[in-house]
Amino acid sequence: MKDRPIALTPKLRFPEFAGRPGWNAVNGDELFDPIDRRPAAAGLPVLAITQEHGAIPRDDIDYRVSVTEASIATYKEVQPGDFIISLRSFQGGIEYSRFHGICSPAYLILKRKGIGCDDFFRHLFKSDRFIRQLTRNIEGIRDGKMISYKQFAEQLLPVPDPTEQLRIAECLTSLDEWIAAEGRELAGLRAHRKGLMQELFPQKGETRPRIRFPEFLDAPDWVTVRLGEYFETMTGGTPDRTKKEYWDGTIPWITTSLVDFNVIDETDEFITEAGLRNSSAKLFPKGTVLIALYGQGKTRGQVALLDIEAATNQACAAILPVSGFDPVFTFLSLSGRYEEMRSLSNAGGQENLSQGLIRELPFYYPDDPAERERIAACLCSLDALISAQSRKLDALRAHKKGLTQRLFPSPERV
């Protein structure tokens, strides 16, 4: 026999509900039924169950998982308004579907019963508090282990009356819409920057950009050199990790994890003078451009600009600054050639870059320093807009997270 739930009060309530009784803490099986609609109707799209998008047609996102006709015949039908427990619900919450489709039989589909608001539970199930509750209350949960309906049924869910559910859902959904709009604005700025980069710098094999500022329309073609002809290049090194005297010093030390099309002005690790002397690590000046030669996933080919003196590990190629040549221009130019650099391969057929390959890379630049500075100033001003928009988006997400924590009480018994 189940324990009787207690009354709960959130930290924040809308004024019209301030004097009302506390919420009920209700077991999951009193609110949701498991649903297994098989065989599914013919012709429905296959849904991907994602933490970012919820349940969404695979064709709408970059989801390249092939399935056979035989396996699809076993898939479950999903209807709009269904909730889906995925393998990683304990990491990202329970997903919601706005689509009619089919999903793998590995997923557990839930249907809300009785009166209430789907969007209220959609927000509740994606809240940090609910996710922590899952991981705390379900022992042995791990990747590859599905939360069972029995385990879900035993979860206490905080539930107000339907009118308060609706009020909370409208608030958080409107905030989601605002966040989505700001996200589209950020994506638009980034797309504009990418397109502008392609216009302001010559494409591979060309000597003139497609767009030039008016004062440089009659300027000569850009100069083409091999990167290693114009710039001195080096790689770094890693002091012996077993020697404590080489680490936790005052010299900033950089790995490729920090190289992400950014300006680096601080580091997580530091080495000592002894570590610098007794390894292949080198101290690079401010204005050095770093290229990640290898690393996990998308790291290879990423670029950064040093705004401090720092040493690097051997996975970074350092393009040292040249007197009279704006390093910001160098950084921006190489940042726009990410895919080109990633397509290079060394003589061994590996996917890693090498200092030799970087030195052979063609480098294009206008001979007039004023044109280089004009291009850098234009793109830097756009980068400032992108950074401001990104901070705005982060602030909105943090605001929603904090608001959600205050609008939902903790469903724990005392």
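Residues numbered from 1 in each chain as written. Predicted model: local features only at pLDDT ≥ 70, side-chain atom pairs only at ≥ 80, totals over all residues. Heavy atoms only, no water.

Colleague: What is the right way to look at the overall build of the protein chain in this model?
Modeller: A tally of helices and strands in the protein chain yields 12 helices and 22 strands. Here the C-alpha radius of gyration of the protein chain, 28 Å, is well above what a compact globule of 414 residues would show, namely 22 Å. When its C-alpha atoms are laid out on the principal axes, the protein chain stretches across 80 × 55 × 50 Å. Buried residues in the protein chain amount to 45% of all 414 residues. In the protein chain, 74% of the contacts between residues at least 6 apart in sequence involve partners at least 24 apart. Summing over all exposed atoms, the protein chain offers an accessible surface of approximately 21200 Å²; the carbon and sulfur share of this is 51%. (Helix = DSSP H or I, 4+ residues; strand = E, 2+ residues; numbered from the N terminus. Rg over C-alpha atoms; globule rule 2.2 N^0.38 Å. Buried < 20%, exposed > 50% of the residue type's maximum accessible area, 1.4 Å probe, protein only. Contact = heavy atoms within 4.5 Å. Areas by Shrake-Rupley, 256 points an atom, 1.4 Å probe, with all protein chains shown as cover.)

Colleague: Got a minute to help me understand helix H4 (residues 128-137) in this structure?
Modeller: One turn of the α-helix equals 3.6 residues, which is why residues spaced by three or four share an orientation. The set of residues buried in H4 consists of Phe130, Ile131, Gln133 and Leu134. Buried residues of H4 fall within an arc of 155° about the axis and therefore sit on the same side. Elements in contact with the buried residues of H4: helix H2 (89-92), helix H3 (118-125) and strand S11 (156-159). (Arc of directions from axis to C-beta.)

Colleague: Sorry, what's going on with the sheet that holds strand S18 (residues 289-292) here?
Modeller: Backbone hydrogen bonds hold the strands of a sheet together, and the pairing may be parallel or antiparallel. If you trace the 5 strands from one edge of the open sheet to the other, you get S13-S21-S18-S19-S15, paired in mixed fashion. Looking at which strands have only one partner, the edges of the open sheet turn out to be strand S13 (233-235) and strand S15 (262-264). Here the strands of the sheet are splayed against their neighbours by 30° on average, with no regard to which way each runs. Two elements, S15 and strand S19 (residues 303-306), share 3 bridges in a ladder whose sense is parallel. When the sheet's bridge partners are listed, Asn262 is paired in S19 with Ala304. Relative to the sheet, helix H9 (residues 327-335) contacts S15, S18, S19 and strand S21 (316-319), its axis offset from that of S19 by approximately 170°. (Pairing = 2+ DSSP bridges. Axes fitted to C-alpha atoms, helices over the stretch in contact; angles between N-to-C directions.)

Colleague: Sorry if this is basic, but what is going on with the pairing of strand S10 (residues 108-112) here?
Modeller: Remark: a regular strand shows side chains that alternate across the two faces of the sheet. Here 4 bridges tie strand S3 (residues 32-35) to S10, and the two strands are oriented antiparallel to one another. Among the inter-strand pairings, Ile35 is bridged to a residue of S10, identified as Ile109. Relative to S10, strand S7 (residues 83-85) runs antiparallel, the two sharing 3 bridges. Looking at S10, one finds that Phe83 is bridged to Leu110.

Colleague: Is there a simple way to explain the state of the cysteines in this structure?
Modeller: In this structure the tally under the stated criterion is 0 disulfides. Here Cys171 stays free of any disulfide, with the sulfur of Cys117 as its closest cysteine sulfur at 12 Å. Cysteine Cys378 remains unbridged, with the sulfur of Cys380 as its closest cysteine sulfur at 9.2 Å. (Disulfide = S-S within 2.5 Å.)

Colleague: Is there a simple way to think about the environment of Leu196 in this case?
Modeller: Position of Leu196 relative to the elements: it lies in helix H6 (residues 162-200). A relative accessible area of 16% means that Leu196 is categorised as buried. Considered as a pair, Leu196 and Glu95 are 101 residues apart in the sequence and their alpha carbons are 38 Å apart. In this structure Leu196 touches Cys378, Leu379 and Leu382, once residues within four positions along its chain are discounted.

Colleague: Mind showing me how you'd approach the pairing of S21 here?
Modeller: Of the two faces of S21, the one carrying Cys316 and Ala318 and the one carrying Ala317 and Ile319 are both buried. Pairing of S13 with S21 involves 3 bridges; the strand directions are antiparallel. Within S21, the residue paired with Thr235 across the bridge is Ala317. Judged from the 4 bridges that link them, S18 and S21 form a sheet pairing that is antiparallel.

Colleague: Help me out: how do you make sense of the packing of H3 against H6 in this one?
Modeller: Any two packed helices are characterised by the angle at which their axes cross and by the distance between the axes. One way to put it is that H3 packs onto H6 with a least axis distance of 8 Å and a crossing angle of 65°. For H3 against H6, the interelement crossing comes out left-handed. Residues Asp119, Phe120, Phe121, Arg122 and His123 of H3 form the contact with H6, whose participating residues are Gln165, Ile168, Ala169, Leu172, Thr173 and Asp176. Classifying every residue of the contact of H3 with H6 by side-chain character gives 5 nonpolar, 3 polar and 3 charged. (Left-handed = near helix turned anticlockwise from the far one by under 90°. Nonpolar A, V, L, I, M, F, W, Y, C, P; charged D, E, K, R; others polar.)

Colleague: What exactly am I supposed to notice about the pattern of salt bridges here?
Modeller: Should their charged atoms come close, side chains of opposite charge can pair. Inspection of every chain in the model, using the stated rule, returns 26 salt bridges. In this structure, Glu340 and Arg337 form a salt bridge, with 2.9 Å as the shortest nitrogen-oxygen distance. Sharing partners across several salt bridges, the network here consists of Arg98, Asp119, Arg122, Asp176 and Lys400. (Salt bridge = Lys/Arg side-chain N within 4 Å of Asp/Glu carboxyl O.)

Colleague: Please clarify how H3 should be interpreted in this entry.
Modeller: Counting buried positions along H3 yields 6 of 8 residues, so the element is predominantly enclosed. Listed in full, the buried residues belonging to H3 are Phe120, Phe121, Arg122, His123, Leu124 and Phe125.

Colleague: Can you walk me through the packing of H6 against helix H12 (residues 369-407) in this structure?
Modeller: In the contact formed by H6 and H12, the axes pass within 10 Å of each other and the chain directions differ by 165°. Taken as axis vectors, H6 and H12 run roughly antiparallel relative to one another. For the pair H6 and H12, the crossing hand works out as left-handed. (Parallel < 35°, antiparallel > 145°, perpendicular 65-115°, else oblique.)

Colleague: Help me understand the environment of Phe216 in this model?
Modeller: Residue placement: Phe216 occurs in the loop between H6 and strand S12 (223-226). On the accessibility criterion, Phe216 (8% relative accessible area) is buried. Residues Phe216 and Arg374, 158 residues apart in the sequence, show an inter-C-alpha distance of 9.9 Å. Ignoring any residue separated from it by four or fewer positions in sequence, one finds Phe216 in contact with Asp368, Ala370, Glu371 and Arg374.

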